[in-house]
Amino acid sequence: SGKVTPHKQLKIGGDYTANIPTHFFKAAYEGIDAIANAIEQKDTLIYENYKDEIYQMNKAAVAYSIDPLGMGYNLYARYGLFRRFDIGYKYFSGVHVLDCMYQFTGSTGTMDSPGDKRSYGAIGFQYSAQDHDMPGWFGLNKVQKILNYQLNRTDFLIPLVFSYSFGPEEKIGHIAYGFAYSHTIIKYSFNPQYIYDKANITTPIQAVDEKKSFSGIGIFLNMKFGFKYAYFLASMATYYQNYGAYRMLGGGEAKFKGVTFIPTVGIQLNPMQIYFDVKKHTGKKNS
């Protein structure tokens, strides 16, 4: 939302999110499991004899790492730290995400003390970092083991959000849209111990140890419906990213670019509003 969490208030929620990159389907994943199963049985490999298969496994591992196909649940909490400024924490499939938002336009009221404006705007900053373990499907976990593949990635996101409130201070919900700039830094390495160059069968093939970065531009639209204490949310984000070229074992490289779609559905709760209303009702009853 373009309206940040009001000062000293708390929001909690959960989402189910999918990450669907088009480059994933272009990266020739079909057959990777069969390749990995065949190679996994061998004690020693000569690179020249399995050049195409090793390249395909390299490419699949990097393609998944830079923008993985996947889906899962995430839990989050947001707190109004100051007037016009809130902070948030999200846990998504093993990844810890920290962010903050600054509201630069629109009222800073609450449902109990609403302002006279229903349009809001905010800008934020988000940070996350993770080490990657490959999933079992498509045989990617076998690929990681065979190639001794390691990856660490750090992500930054700067969203610019505009929203319009349904009812005073989003009492009924909102519709929001915006733009986002993302920047990712990855460090990856391939260091297999039993793949040898044909010219030297005593020393494993030269390892790959690289650091790369890429940026993306996205747009998103989301809507929230409910009443005061609980809301249903749905959103869709789309990003275009040119991931660049990545060095593979044996000296080759692979290039990736594409569009990513991120649909999300979830629920959001406003426990502080429940507390305030119960306290207000109890106070009136006692008086």
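That block above? That's the structure.
From a predicted model like this one, the values you see are computed outputs, not experimental measurements.

**Things to note about the environment of V62**
Turning to step 1, where the next piece is worked out: Relative to the elements of secondary structure, V62 occurs in helix α3 (residues 51-66).
Turning to step 2, where the next piece is worked out: Overall, V62 belongs to the buried group, its relative accessible area being 1%.
Turning to step 3, where the next piece is worked out: Not counting residues up to four positions away in its chain, the partners in contact with V62 are Y149, Y188, F190, Y246, M248 and F256.

**Notes on helix α4 (residues 140-147)**
Turning to step 1, where the next piece is worked out: When we look at burial in α4, the residues that qualify are L140, V143, Q144, I146 and L147. End-on, the buried residues of α4 take up no more than an arc of 170°, which puts them together on one face.
Turning to step 2, where the next piece is worked out: The elements touched by buried residues of α4 are α2 (32-40), α3, β7 (149-166), β8 (173-190) and β9 (195-197).

**A short note on empty space enclosed by the protein**
Turning to step 1, where the next piece is worked out: Applying the stated criterion across every chain yields a total of one cavity of 30 Å³ or more.
Turning to step 2, where the next piece is worked out: Roughly 140 Å³ of internal volume is contained in the largest cavity.
Turning to step 3, where the next piece is worked out: Lining the largest cavity are 15 residues, with P6, K11, M111, E169 and N270 sitting closest to its centre.
Turning to step 4, where the next piece is worked out: Of the residues in the lining of the largest cavity, the class split is four nonpolar, six polar and five charged.

**A short note on α3**
Turning to step 1, where the next piece is worked out: Taking 1.5 Å per residue, 16 residues should reach 22 Å; α3 reaches 23 Å between its end C-alpha atoms and fits that length.
Turning to step 2, where the next piece is worked out: Within the sequence span of α3, burial applies to I54, M57, N58, K59, A60, A61, V62, A63, Y64, S65 and I66.

**Considering the sheet that holds strand β5 (residues 95-105)**
Turning to step 1, where the next piece is worked out: Strand order in the closed barrel formed by 10 strands is β1-β3-β4-β5-β6-β7-β8-β11-β12-β13, with antiparallel pairing between adjacent strands. Between one strand and the next, the sheet's axes are offset by a mean angle of 20°, whatever the strand orientation.
Turning to step 2, where the next piece is worked out: When β7 meets β8, the two strands line up antiparallel, connected through 18 bridges. The residue bridging S165 from the neighbouring strand is H174, located in β8.

**Some remarks on the pattern of salt bridges**
Turning to step 1, where the next piece is worked out: In the structure shown here, the tally under the stated rule is seven salt bridges.
Turning to step 2, where the next piece is worked out: A salt bridge links E169 to K3; the nearest nitrogen and oxygen atoms lie 3.0 Å apart. Of this pair, E169 sits in the loop between β7 and β8 while K3 sits in the segment before β1 (10-21), placing them 166 residues apart in sequence. Each member of the pair, E169 as well as K3, carries the same accessibility label: buried.
Turning to step 3, where the next piece is worked out: The partner of D99 in a salt bridge is R78, with the nearest N and O atoms 3.0 Å apart. Placement of D99 in strand β5 and of R78 in strand β3 (residues 70-82) is noted, with a sequence separation of 21 residues between them.
Turning to step 4, where the next piece is worked out: You can call D99 buried: its relative accessible area is 16%.
Turning to step 5, where the next piece is worked out: Residues joined by salt bridges that share partners form a network here, namely R78, D86 and D99.

**Some details on the nonpolar core**
Across soluble globular proteins, nonpolar side chains show a tendency to be buried alongside one another.
Turning to step 1, where the next piece is worked out: Counting residues in hydrophobic clusters, the biggest one holds 34 residues, and the most contacted among them are M57, V62, L147, Y149, Y188, F190 and Y246.
Turning to step 2, where the next piece is worked out: Of all the secondary-structure elements, those providing two or more residues to this core are α2, α3, α4, β7, β8, β11 (208-227), β12 (230-247) and β13 (253-269).
Turning to step 3, where the next piece is worked out: A total of eight residues in this core trace back to one element, the largest contributor, which is α3.
Turning to step 4, where the next piece is worked out: With residues near it in sequence (within four places) discarded, Y188 still touches V62, Y149, Q150, L151, V208, D209, E210, K212, Y246 and R247.

Conventions used here
Residues numbered from 1 in each chain as written. Predicted model: local features only at pLDDT ≥ 70, side-chain atom pairs only at ≥ 80, totals over all residues. Heavy atoms only, no water. Helix = DSSP H or I, 4+ residues; strand = E, 2+ residues; numbered from the N terminus. Buried < 20%, exposed > 50% of the residue type's maximum accessible area, 1.4 Å probe, protein only. Contact = heavy atoms within 4.5 Å. Arc of directions from axis to C-beta. 1 Å grid on protein atoms, 1.4 Å probe; cavity = no way out; pocket = protein on both sides within 12 Å on 5 of 7 lines; lining within 4 Å. Points joined across faces, edges and corners; volume = space filled by probe spheres on them. Nonpolar A, V, L, I, M, F, W, Y, C, P; charged D, E, K, R; others polar. Expected span 1.5 Å × (residues − 1). Pairing = 2+ DSSP bridges. Axes fitted to C-alpha atoms, helices over the stretch in contact; angles between N-to-C directions. Salt bridge = Lys/Arg side-chain N within 4 Å of Asp/Glu carboxyl O. Core = buried A, V, L, I, M, F, W, Y, C linked by side-chain atoms within 4.5 Å.

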